[in-house]
Every structure is written in structure tokens, then in C-alpha cells.
Amino acid sequence: MNAPRVGERVILVVDDSPDVLRVLGELLTPLYRVRVATSGRRALRMAAQSPAPDLILLDVMMPEQDGYMVLSLLRSRPACRDIPVIFLTALDAPGDEERGLELGAVDYIAKPVRPAVVLARVQTQLELKAARDALRDRNARLEAEVARRAAENELILNSAAEGIFGVGVDGAINFINPAAAAMLGYRPEELLGQSASFCLFRGDGDGPGAVMPPPGGEARDREGAFRRKDGDALPVAFSAVPMRNAGLQLGAVVSFTDIRERQRYIRQLERQSNFDDLTGLPNRNLLRDRLDHALHHCRREAAALEVVALNLNRFKSINDTLGREAGDELLRGLAQRLSEGVADADTLARLGGDEFILFGRGEMVGAGLAQAVLKLLAEPFEQAGREIFLSCSIGVAVYPKDGENGDGLLRNALAAVYQAKGVGGWGFRYYAAEMNARSMELLELENDLRRALERDELELHYQPQLRLADGALFGCEALARWRHPRRGLLPPADFIPLAEACGLIVPLGEWVLRAACSQARRWQDEGLQPVVVAVNVSAHQFAAQDMVELTRRVLGETGLAPRWLELELTESVMMSDVEALVLAARRLRELGVALAMDDFGTGFSSLGFLKRLALDRLKIDQSFVRDLDWDPDSVSIASAIIALARSLKLAVIAEGVETESQLALLRECGCEEIQGFLFQRPLPADAFARLLREGWPRF
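Notes on the structure follow. (Residues numbered from 1 in each chain as written. Predicted model: local features only at pLDDT ≥ 70, side-chain atom pairs only at ≥ 80, totals over all residues. Heavy atoms only, no water.)

### A few points about the environment of Leu460
Going by this rule: The way it works is that DSSP assigns letters per residue, a run of H or I at least four long becomes a helix, a run of E at least two long becomes a strand, and they are numbered from the N terminus. Partly exposed residues are those whose accessible area sits between 20% and 50% of the maximum for their type, while under 20% is buried and over 50% is exposed, using a 1.4 Å probe and protein chains only. Should any heavy atoms of two residues lie within 4.5 Å, those residues are considered in contact.
By the element assignment, Leu460 lies in strand S18 (residues 458-467). Looking at Leu460, the relative accessible area reads 8%, which means it is buried. Expressed as a C-alpha distance, the spacing of Leu460 and Trp482, which sit 22 residues apart in the sequence, is 8.6 Å. With sequence-adjacent residues up to four places away left out, Leu460 is seen in contact with Ala478, Leu479, Ala480, Trp511, Val512, Ala515, Ala516, Leu683, Pro684 and Ala685.

Structure representation (C-alpha cells):
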């Protein structure tokens, strides 16, 4: 019987994942006849159907019957025991492969699958099965026509890619194909007539029984090592098929493949499962294993252990500004610096992203490790000819006070990290029990915020803006408020930072822009005095959206003329792509929208950048205004900002004006515009409309 053509070979794919079945089906169907089964029970039925599968791709992890059980049942059934099985697995546990190979799997393919690997391994196993089937077929015909079978075997042997040799009942090699001789480092004639035990198992205590099936036995598949001529061991997977004539055993045919590549692949998978690809540090899996081992010793010796978690501050801005490759290089540099500079740590690991974990035992380890990390980060890193300083927040959890197992200690150390971020983001904090309560509170608040837009719980209040020269009300700033169903009316400080942290600032910012423009147009439609409405745009929102297109679309939808809208950019926006920001600002100006720099003086502004950005207004941050009454430096800063604005022909507005003395000092400095509690707190839309309708007190 001739071997089936490629398109006639039947492959049974067994997996409970529709996505995996789809991917493998699309990959294999052009070349083979593909059957699919979504459970072990169905796979066993389909394997027994005619024509039988030439190869089975079998998922390890399935409900009811996993891959190991299915493979055991296949091997117990005579009709299915010879079907080669390749396991599909994510290899989560180190012993998965050994167990599968012991049960009779011929190979593994790791998920997610790579097309080239799947096609190569399927082809290899099908070729090997074809050779085995051909040998068995020719062995059956041996009883009728020995001479013709020998000629056919020789043709197959010489053309096969895998190694094939024959062993007589005396253990001597009676034929060998060129591939087998080459893999073993011999010429074919050097092995003919030689003892298989001497040539292939010399010195390892094994013998011809390793390849020769026992009398009356069936074919056997094994893995082992053949000895090459140069003495090196060659790892192989081999199959020994008994040869009989009229019930008399004549010997065996052995086919084998070099599995060094598979073993290298297994070692690579083991490394990937335990070490971080980017930094080479232990990953979360290996960290937990080592931490559990260290805790075992600590329990036995009644010793303390301290887990130190660190998270880089504002690392996303580095990725956004310099690119991910530069960010990856900095992470590698940090890992190397920590590895070399923190000798007291038992283990340094990377959890992922910009989070690292250290732990150690001994007195004052936690504080010592944290201080050592802070000292290491005090020195800059070099990146493409520039110096970059990294800062981090550090949290420390102590065994047994803060947790009795690894997961609890890691969770509490990370809780302390975020507490450190909340109080400035540079330094370290020891874990305290109330941190988890605060974390749960923030998690609950985040969940509520995700539903706030759907439930129409957000609203805008408007704080008037006045000109000092004539007391005229010329504009207002739109400020978001959240009418929380249980906590009442929340100011922006209670939820805007949370929105930025959890990625909700983009839909929230878009809602504010649309709501503010709609309200401004409604006031005009009611015949009220038109005022400019100022809307804040966060750095996260500006980086994530095309603000020009969004603004154009919102103005078109609401009908508000562009001259009645002002976008307030914070100085942190400058940490993003500067050229993109300058271009966007120019397009917004061309659209007719005014631009203001909010919180001026607290960030990264430069005179050259302000000139390129072509702003309309600078806002003096309220932190300077608040201190005008007693701090001469604040007066000097306010005066300098006002002078700078005049030199650039920009309007300047002071926010947070609360006292008459602050107002008087701002007048002396030449400030033109103000907003603050001294004149009016932020008002709901209807109250602001009454202010426009009824008038307001003049200064």
C-alpha cells in the first residue's frame, strides 16, 4: 500500500477552544483532511472511525477528560495505539512534558501556536508515521515475498530523512540507512554486522533489549540516547517494530529522530516560564517559588522576612516621549543596577511593566533595601546622549506581621507602594492595615465612576471670570462635579486623578467638552450675554485623542461658534510629543478656538516653547495666589508671570483669588483678569444663567 498523499492524510484536532480550532483548521485544511473534536469523549469516538487519523493534535487542559486521560485510553485500544499524538499545551507546569512523553506523546506544540512550528512538526510526525506504516506493511508481506520486501525496504530506508536500522535476534545491525549512519557519525559499512549494544549503548548499562521488542511483544516507543562514534550522546526518540515470519521473530526495525532541538526548545520554555524576557530577572512564577521557599525557612527558624516592592513614577511619560525601545533599555539598565547594587536581597524579580520586587531576611533588611534602591536611583541613566533620572515609590511588607504567605506579602507591599505614591511618590512606606481599606475604597469608587456617565451622575458647575479694568464678566471655567448616589456632590479633586489613573479621563473629558459647549449655546439661545467657556484638557486626554478633530466635531454638533470656547492645557501636556502639540495648537487656533496654559509656573514651560505654542492666555496657579498675603517670593513669581505674558502679548488671569488683599496685590502687579471665591464660587448652570440675567456686583 502506498503512503497517502498529503491532501489525503487525516489529522484529528482536539481542543475545547473555538479560537484554537479555527486557527489550526485554517492552517492545516489546505494541506490535510482535518477533523475536529471539542472533548475527550468525542475524540475517542472519532479516533476509532475509518479512516483512522494519521495524527492527533491533542489539548492537555480540557474539562471532564484531560489530554493525559485521552492519551492513556488511546494507547489502551489496539485500533488507536499507533496513532501519533502531539500535545497542545501552554506548559504551565515543569512536569507536563515528562508526563505526556511517558504516556506516549510524540511531541509538544506550545500555545499560542506558531504556524511554522505546527507545520514542521506535523510534517515530521506524518513522515515518521508513513515510514512506520510502510515498514509494518512490508513486514506483513515478508511472509509472502521476502526478496521483494527487502528491495522495497532498501528504497524507503535510503530515502527516509529519519534514521532507520535493523537488528537481528543476535543483536547485530543487519541494515542501516544513510540518515541513521550520518546522525551517529559513522559510514554505513562501519555499523553493518556490529553489535547494537556495543555501538549504541556502550558504557551506559543498556543493551539490545532497549530496542528489541520482547518475544511476542508489540512495537515499542521510547526516548533515550544513542552513543555516537565520537563518544557524544545523541538524544533520540525511537520506535522499534518487531519483524516476524510465520510467527517467528526475526529481529526488529528501529526508526529514530534527533530530539536535540526539541530538548533545547523545552529548556527555552522552562526559562520563559521562570524568567523575564526583557531583563533576565526572575518573573512572578519564580519569585513566588523562591518566596515560598524563603518563608518555609523563616517559619522553621522563627525569622523575619521583608518584601520590598518598587514602582517607577511617571514611567509612562518616558515611553510616550522617548519611545518604548528607550523605555525598555532603561528598564534593563535599572535591573542591572539593582542586581549589582543591592547585595542584601535574596531575590530581585520583575513583576511586569515598571514593577520590581526584592525580598530578604535579617535585621533591618527592608529599610536597608529601600534606602539602597533610592540611593541607586539618585544617579542618572544615560539614554541616547541624554541624562534621565528615574524615581520610584517603594512599599515594604514584613513577615509575619503583614502576611503569612507570599501572595499576602506581595499584595500588601504593593498596597504600601500606592500609599507612597499618594503622599508624593518618592520614598518608601511600610504597610499598615488601613491601606487595604483605602485600596478597597478606591476600587469601589472606580467601579462607581465607570457607571457614572451611563447613569447621568456628572454635572458641570461654572466659575465666573472677570476683567479687573471694568469688572465685566467675560467668561467662565467649566468644572466637573460628580453627584455620587451615596457620597453626595464630589469635587474634581476626589475623582479626576482616579479617572486619569484608570483610563476614564478620555470619555470623561469628551463628555465635559460636549456638555460645556452645549450649555454655552443654550445660554445664547436664551438671549443671555455670550461668554467664553473654558474647558480643561488633561495630558492623558490630549495624548489619547485627536483633540482638533474632537473639538471640530463637538462644535459642529452643538452649534457653538469656536470663538466662545477656550481649551486650558496643563503644563504636563508638554511631557508628550512637543512637535505634535505645537501642530495641534496651531490647528486649534486656525479653527478659532482660544488656548490657555493652566497652572502656569508649576511645571515644565519654557519661553521658547510658549512662543511656538501661540497661546491666548496664561493662568497663574492658585498656589502662588494663595501665598501672596505673606510670601514675597509668590508676589515676585506672580509679577514675573504677568510681565512675561505682556511681553508675549498674552492675557493673564489669576485663579483662586479669595481675599481683598490678594486682589489688591494682583492689581499692583498689573494682573488683568481674575477668578476665585472672592467674587463667586462655581455655580450650577441655572444659577450661572441667573447671574448673567440679573447682573453681578462690579469691583
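### Brief notes about helix H25 (residues 660-669)
Quick note on the threshold: Arc, as used here, means the arc of the directions from the helix axis to the C-beta atoms.
Restricting attention to buried positions, one finds in H25 the residues Gln662, Leu663, Leu666 and Cys669. Angular distribution of buried residues about the axis of H25 spans 125°; they occupy a single face of the element. Across from the buried face of H25, at angles greater than 90 degrees, the exposed residues are Glu660 and Glu668. Looking at the buried positions of H25, the neighbouring elements they touch are helix H23 (622-626), helix H24 (632-647), strand S25 (651-655) and strand S26 (673-675). Positive backbone phi, approximately 90°, marks Gly670, located one or two places after H25.

### A closer look at unusual backbone geometry
The linkage connecting Ser50 with the following residue, Pro51, adopts the cis geometry, with an omega of -5°. Structurally, Pro51 is set in the loop between helix H2 (40-47) and strand S3 (55-59). Omega for the bond connecting Tyr399 with Pro400 falls within 30 degrees of zero, at 5°, which places this linkage in the cis form. On the secondary structure map, Pro400 appears in the loop between strand S16 (392-399) and helix H15 (406-422). The phi torsion at Glu64 lies on the positive side, around 65°, for a residue other than glycine.

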